[in-house]
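A closer look at the structure
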Amino acid sequence: MRTLILTIVVAIFLIGKVSKAQIKNQNFLEELRQEVQKAKIPGCAVVVIKNNEVVISESIGQADVAFSVPVDKQTIFSINSLAKIFAGTAIMQLKEAGKINLSDPVSRYLNDLPLSWQKITVRQLLSHTSGLPDIEDVENGGLIGGKGDEYAWDLVREKPIRSKPGEQFNYIATNYLLIQKLIERFGQMDYVEFLKKNQFDKIGISDQVVFGSSYDVVKNKSTTYMYYIKDKRTKEYVKVDELNEISEDLSPIVWADTGAFATADAITRWILALEKGEFISEKSRSEMWTPVPLNNGQYGGFGEVLNGYAYGWPVIRRSNHPAIAPIGGGRASLIVYPEDKLTIILLTNLTGSSPQKIIEKVAPHFWE
């Protein structure tokens, strides 16, 4: 009889616990949907990982508006600069293998660098504190010079540095172009092949992560949109009410910096594997997530809550609920809240939707 009573009490307790969890999930999704609607995001995927378990995985809206194609588990989103998390992890893998020292000047590992680049360290490349000139033509959305990879590489090496190494935070593609060269040299293979062998193949996501440009034809890939058009006279972007498809030409030489496309499931499995130590040690992960100070002891970053930058990972430095918050293209983000044992992934197909801000609004549902 006592055993029966105990069983009933435990069952009631578990039912109550499940109900509370369900209510929490429902409240989270309700607020998330409101934010998605407010931002007029056509389609997105959201995943919540709590205590190393996926507690929410939802697809919302349309991957292609013109043909009414819904977002589903197979939808591949453009995640752009979120790609740096793979590059940062790859460098830590090479560091653990004893092939690279992050405090060393990059000139120790790469030849044919200008004299003014000689003292820049690998760590300064990772943290965008090198002071290098930008290989990208921001105004025209391509590489400088407009004549291909080699021409742009020759041209950028002729440009003056922006600042002395360690003095300023400048978020530019040249840093990760050199990071990519390091990975290819010491990994002894093509950059994407290195990622497949040392990260993606290990967890079975190689068919869910691709690199390229937005116009490449890839099965299940979402269209990418924005509410801006470029004024041909002023060359400035003007906000409009209608959705516009965007096309980005992303050269292979900057794929460590940008140019990645992935499913939410792939990012979920990748971040879980990272936190379980399947790619690098906990010590290396902790170092990779630690913001790098400038020479004056201050920290650079994107501003607002993103007030620090580590090895390819923007950081939210604050006393309560500090976080690591990589973003990509203004449309993809994942935020890890280590003290809350919480990770939230939000991939959208709308440039300028600032998913990191949406995550920050809804994350308190799962904060401890």
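Higher on the page you've got the structure.
Described in the following lines is the structure provided in the data block. Quantities reported herein were computed from a predicted structural model and do not represent experimental measurements.

1. Here's the deal with the pattern of salt bridges
Per the counting criterion, the structure on display carries 12 salt bridges. Between Arg 269 and Asp 265 there is a salt bridge, with the nearest N and O atoms lying 3.0 Å from each other. With Arg 269 and Asp 265 both in helix α7 (residues 264-275), this residue pair falls four residues apart, about one helical turn. Using a relative accessible area of 30% as the deciding quantity, one classes Arg 269 as partly exposed. For Asp 265, a relative accessible area of 31% translates into the label partly exposed.

2. With respect to the pairing of strand β8 (residues 225-230)
Two faces make up the sheet, and in a regular strand the side chains alternate between them. Inspection of the sheet shows β8 paired to strand β9 (residues 237-245) by five bridges, in the antiparallel sense. Within β9, the position partnered with Tyr 228 by the bridge is Lys 239. In this structure, the hairpin formed by β8 and β9 is closed by a connection of six residues, where Lys 235 is found at a positive phi of approximately 65°.

3. Focus on the packing of helix α2 (residues 84-96) against α7
In the contact formed by α2 and α7, the axes pass within 12 Å of each other and the chain directions differ by 30°. In terms of axis orientation, α2 runs roughly parallel to α7. By crossing handedness, the relation of α2 to α7 is classed as left-handed. Residue-level inspection shows Ile 85, Phe 86 and Thr 89 of α2 in contact with α7, the latter providing Ile 267, Trp 270 and Leu 274. Split by residue class, the contact of α2 with α7 holds five nonpolar, one polar and no charged.

4. Quick notes on the nonpolar core
Side chains of nonpolar character tend, in soluble globular proteins, to be buried together. In this structure, Phe 86, Phe 211, Trp 270 and Trp 313 are the most contacted members of the largest nonpolar core, which totals 81 residues. Apart from residues no more than four positions distant in its own chain, Trp 270 is found in contact with Ile 85, Phe 86, Thr 89, Gln 199, Phe 200, Ile 203, Ile 205, Phe 279 and Trp 313. Counting 28 residues, the second largest nonpolar core, distinct from the first, contains Ala 323, Ile 335, Leu 346 and Ile 359.

Calculation criteria
Each chain has its residues counted from 1, following the order in which its sequence is written. This being a predicted model, a pLDDT of at least 70 is required before a residue's local features are given, and a value of 80 or more before pairs of side-chain atoms are given or counted; all residues contribute to the totals for chains, interfaces and linings. Note: side-chain values were computed over all heavy atoms of the structure, leaving out hydrogens and water. Just to be clear on terms, a salt bridge is a Lys or Arg side-chain nitrogen sitting within 4 Å of an Asp or Glu carboxyl oxygen. In this description a helix means any DSSP run of H or I spanning at least four residues, a strand means any run of E spanning at least two, and both kinds are numbered starting from the N terminus. Note on exposure labels: buried denotes an accessible area under 20% of the residue type's maximum, exposed denotes more than 50%, and partly exposed covers the range between, all computed with a 1.4 Å probe on protein chains only. The rule for pairing is simple: two strands pair if DSSP sees at least two bridges between them. Here the axes come from fitting lines to C-alpha atoms, over the contacting stretch only for helices, and the angles between their N-to-C directions go from 0 to 180 degrees. The scheme is simple: roughly parallel for angles under 35 degrees, roughly antiparallel for over 145, roughly perpendicular for 65 to 115, oblique for anything else. Here a crossing is taken to be left-handed if its near helix is turned anticlockwise relative to the far helix by less than a right angle, and right-handed if that turn runs clockwise. Residues count as neighbours in contact if any of their non-hydrogen atoms are within 4.5 Å of one another. Residue classes follow a fixed rule: Ala, Val, Leu, Ile, Met, Phe, Trp, Tyr, Cys and Pro count as nonpolar, while Asp, Glu, Lys and Arg count as charged, and any other residue, Gly among them, counts as polar. Here, nonpolar core refers to any group of buried Ala, Val, Leu, Ile, Met, Phe, Trp, Tyr and Cys residues whose side-chain atoms link them within 4.5 Å.

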